[in-house]
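Now for the letters of each chain:
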There are 2 protein chains.
Amino acid sequence: MRELAGHLELCSINTATLGYQLPVGETIEAIARRGFGALSLWRREVEGEDVAAIARHISDSGLQVASYCRSSYIPALTAEQFEAAHSDNCRALDTAAKLGAGCFVMVVGSLPTGSQDLGRARIQVAEGVTHLLWHAKAVGVRLALEPLHPMYAADRSCLNTLEQALDIADMIEGNVEDPWLGVALDAYHVWWDPKLPEQTARAGRARRIFAHHVSDWLVPTTDFLNDRGMMGDGVIDLKAIRAMVEAASYSGMVEVEIFSAANWWKRPVEDTLAVCAQRLQRDC
Amino acid sequence: MRELAGHLELCSINTATLGYQLPVGETIEAIARRGFGALSLWRREVEGEDVAAIARHISDSGLQVASYCRSSYIPALTAEQFEAAHSDNCRALDTAAKLGAGCFVMVVGSLPTGSQDLGRARIQVAEGVTHLLWHAKAVGVRLALEPLHPMYAADRSCLNTLEQALDIADMIEGNVEDPWLGVALDAYHVWWDPKLPEQTARAGRARRIFAHHVSDWLVPTTDFLNDRGMMGDGVIDLKAIRAMVEAASYSGMVEVEIFSAANWWKRPVEDTLAVCAQRLQRDC
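Residues numbered from 1 in each chain as written. Chains lettered and ligands numbered in written order. Predicted model: local features only at pLDDT ≥ 70, side-chain atom pairs only at ≥ 80, totals over all residues. Heavy atoms only, no water.

Digging into the sheet that holds strand β5 (residues 143–145) of chain B
Residue and element names in this part refer to chain B.
Consideration 1: Spatially, eight strands are ordered β1-β2-β3-β4-β5-β6-β7-β8 in a closed barrel, and the strand pairing comes out parallel. Neighbour to neighbour, the strand axes of the sheet diverge by 30° on average, direction disregarded.
Consideration 2: Note that strand β6 (residues 181–186) and strand β7 (residues 209–214) share four bridges and pair parallel. Counted as the bridge partner of Ala184 is Ala211 from β7.
Consideration 3: Set on the sheet, helix α9 (residues 238–247) makes contact with β6, β7 and β8 (254–256); between it and β7 the angle comes to about 170°. (Pairing = 2+ DSSP bridges. Helix = DSSP H or I, 4+ residues; strand = E, 2+ residues; numbered from the N terminus. Axes fitted to C-alpha atoms, helices over the stretch in contact; angles between N-to-C directions. Contact = heavy atoms within 4.5 Å.)

This is the structure in structure tokens:
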């Protein structure tokens, strides 16, 4: 297990953590100034902007782009909607390539409005990812399937466990030396899973861990979407999970991703970054 | 798959659905009057009361007691706390026996305050259930482990999937003809699980399905604990799940259990029971 104390260059900030308070240029500079090694950007910060200039700014600041967030939802009621999401995701992959992103994070979606057919949504996801993987390889960006906590199974992701994500990746890509299809392993989404140790090891053997996110589960949690905790403020044993992930040969960034409308998003970006730096070195 | 239309005698009302608005005697009569075949009671309604009289009242009303809810949490920081919960659960089992309950529902608990050790909590649960099973057999009440939705993993249950519950049951009791240790399969807790079909079939082969609960997952859900929906108001394909459960040889009650502080608990008991009856026959 790597030592994070004194090694913020191993750590990344997902810009969602900062509540999109600043223009992307200022965000990049604030993250670089604090000594982090990377950031992950969201489409809302990049689309419609000069992508090459953003990429240059990031690179000139000495940062990497750990990942680009995130896919449009795949399951759809009609073939037109399904194709529209595919096209949208292809365009996002083109941008991810220009940014030099380590991977494109796939939040796959779930039940279209009015549907109760989770099985169909899951089949559509497998189909959509299979299709998208061609474009991902063509532009040189890896796809990271992100299993989301089961509390998001209705509306955000029908991929809800690491085992399920790996089953799909194995089915689509098979056993290859350098996979293009892997997983984003976010402690907030998977910490509860009794099969986490077994499946993390499996993911490592398949070289499919493309990202590792940290935040904390607060007790009580008061909002389904935007009440994640800062590392150390909740009940997740983040060190134990990172130990598993790194024992599974993961050597990428440890990335903070905190959705926190009532707390961290209201604080000055510099303060939040300072606390992230402290907690990454102490609690992760 | 059984026909529920015209067969409310196959259906049970978990009294939590009614928000504990009435004294237990009136609750019993209201449920019986509407034609349901059973009810499940909570300790808060029974403890300190004349249990034999309640049992007689239920039986005289033509109702069965599907289950008795629920266990005190097992994981503890000290041996004293662990033993106290065990004693508490033994007393509850004695009451369940007097009520003639079909099973005792085990909501097993999770992290004691201050702990991040989910693995230890899970081992304590296995130990506590092993211990309790002796008393359960002695008084003739089956134990139904209830896997709770992973959103409760921090504070209410470290049993979070059907597979995990069955693994523990197999480990403790082995492969027996008439198990005393089984599961309560609540659609609200397990509907999202990609392994639900496989694990439901497994549970059936082991004759371990002791209870089947229905309610619905609302989109959006606004409260972690008390915002369950009436069947038909959410996204769970309840018919598909009941088909699986009954294909797995379950022939017990279909039980409504809805925690709904802002909606159903505020309505008159008679109205809620009428809607339960309608939806059981139409949406389950």
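A closer look at the pairing of strand β2 (residues 38–42) of chain B
Residue and element names in this part refer to chain B.
Consideration 1: In terms of burial, β2 is largely enclosed, as five of its five residues are buried.
Consideration 2: With burial as the criterion, each face of β2 is covered, one bearing Ala38, Ser40 and Trp42 and the other bearing Leu39 and Leu41.
Consideration 3: Here strand β1 (residues 11–14) pairs with β2 via three bridges, running parallel. Its bridge partner lying in β2, Ser12 is registered against Ala38.
Consideration 4: Tracing the backbone out of β1, into helix α1 (residues 24–33) and back to the parallel element β2 gives a crossover that is right-handed.
Consideration 5: Note: β2 against strand β3 (residues 64–69), five bridges, orientation parallel. Bridging from a neighbouring strand, Leu39 pairs with Val65 of β3. (Buried < 20%, exposed > 50% of the residue type's maximum accessible area, 1.4 Å probe, protein only. Right-handed = clockwise from strand over helix to strand, strands pointing away.)

Quick notes on the environment of B:Ile74
All names here are of chain B.
Consideration 1: Among the secondary structure elements, Ile74 is positioned in the loop between β3 and α4 (79–99).
Consideration 2: When its relative accessible area of 5% is taken as the criterion, Ile74 is described as buried.
Consideration 3: Placed 55 residues apart in sequence, Ile74 and Val129 show a C-alpha to C-alpha distance of 8.3 Å.
Consideration 4: When neighbours within four sequence positions are excluded, Ile74 is seen to be in contact with Phe82, Asn89, Met106, Val108, Gln124, Val125, Gly128 and Val129.

Some remarks on the interface of chain B and chain A
Consideration 1: In this complex, chain B contributes 30 residues to the contact, which on the side of chain A involves 30 residues.
Consideration 2: Summed over both sides, the interface of chain B with chain A buries roughly 2300 Å², with 68% coming from carbon and sulfur.
Consideration 3: In this assembly, chain B and chain A are joined by ten residue pairs in polar contact (both at pLDDT 80 or more). (Buried area = accessible area lost by both parts, 1.4 Å probe. Polar contact = N/O pair within 3.5 Å; in protein donor to acceptor, adjacent residues only side chain to side chain.)

Details of unusual backbone geometry
Residues and elements named next belong to chain A.
Consideration 1: The peptide bond linking Val219 to Pro220 adopts the cis configuration, its omega dihedral lying at -5°.
Consideration 2: For Arg207, which is not glycine, the phi torsion reads 55° and is therefore positive.
Consideration 3: Following the sequence through the fold, Arg207 ends up in the loop between α8 (196–205) and β7 (209–214).

Notes on the relation of the copies chain B and chain A
To go from the first copy of the chain to the second, apply a rotation about an axis and then a shift along the same axis.
Consideration 1: Screw-axis analysis of chain B against chain A gives a translation of 0.0 Å along the axis, an RMSD of 0.0 Å, and a rotation angle of 180°. On the angle and the small slide along the axis, the relation comes out as a two-fold axis.
Consideration 2: When the interface residues of chain B are mapped onto chain A, 100% of them again fall at the interface, so both copies present the same face. (Least-squares fit on C-alpha atoms with pLDDT ≥ 70 in both.)

Here we look at the pairing of strand β3 (residues 64–69) of chain A
All names here are of chain A.
Consideration 1: β3 sits mainly inside the fold: five of its six residues count as buried.
Consideration 2: In this structure, β3 lies alongside strand β4 (residues 104–106), joined through two bridges in parallel fashion. Across the sheet, Tyr68 pairs through a bridge with Phe104, a residue of β4.

Quick word on empty space enclosed by the protein
Consideration 1: According to the stated counting rule, one finds four cavities of 30 Å³ or more in the structure shown.
Consideration 2: Roughly 90 Å³ of internal volume is contained in the largest cavity.
Consideration 3: Taken together, A:Thr161, A:Glu163, A:Trp192, A:Asp193, A:Pro194, A:Lys195, B:Thr161, B:Glu163, B:Trp192, B:Asp193, B:Pro194 and B:Lys195 make up the lining of the largest cavity.
Consideration 4: In terms of residue class, the lining of the largest cavity is built from four nonpolar, two polar and six charged.
Consideration 5: What the second largest cavity holds in volume is close to 80 Å³.
Consideration 6: At the level of secondary structure, the elements contributing two or more residues to the lining of the second largest cavity comprise α4 and α5 (118–139) of chain B. (1 Å grid on protein atoms, 1.4 Å probe; cavity = no way out; pocket = protein on both sides within 12 Å on 5 of 7 lines; lining within 4 Å. Points joined across faces, edges and corners; volume = space filled by probe spheres on them. Nonpolar A, V, L, I, M, F, W, Y, C, P; charged D, E, K, R; others polar.)

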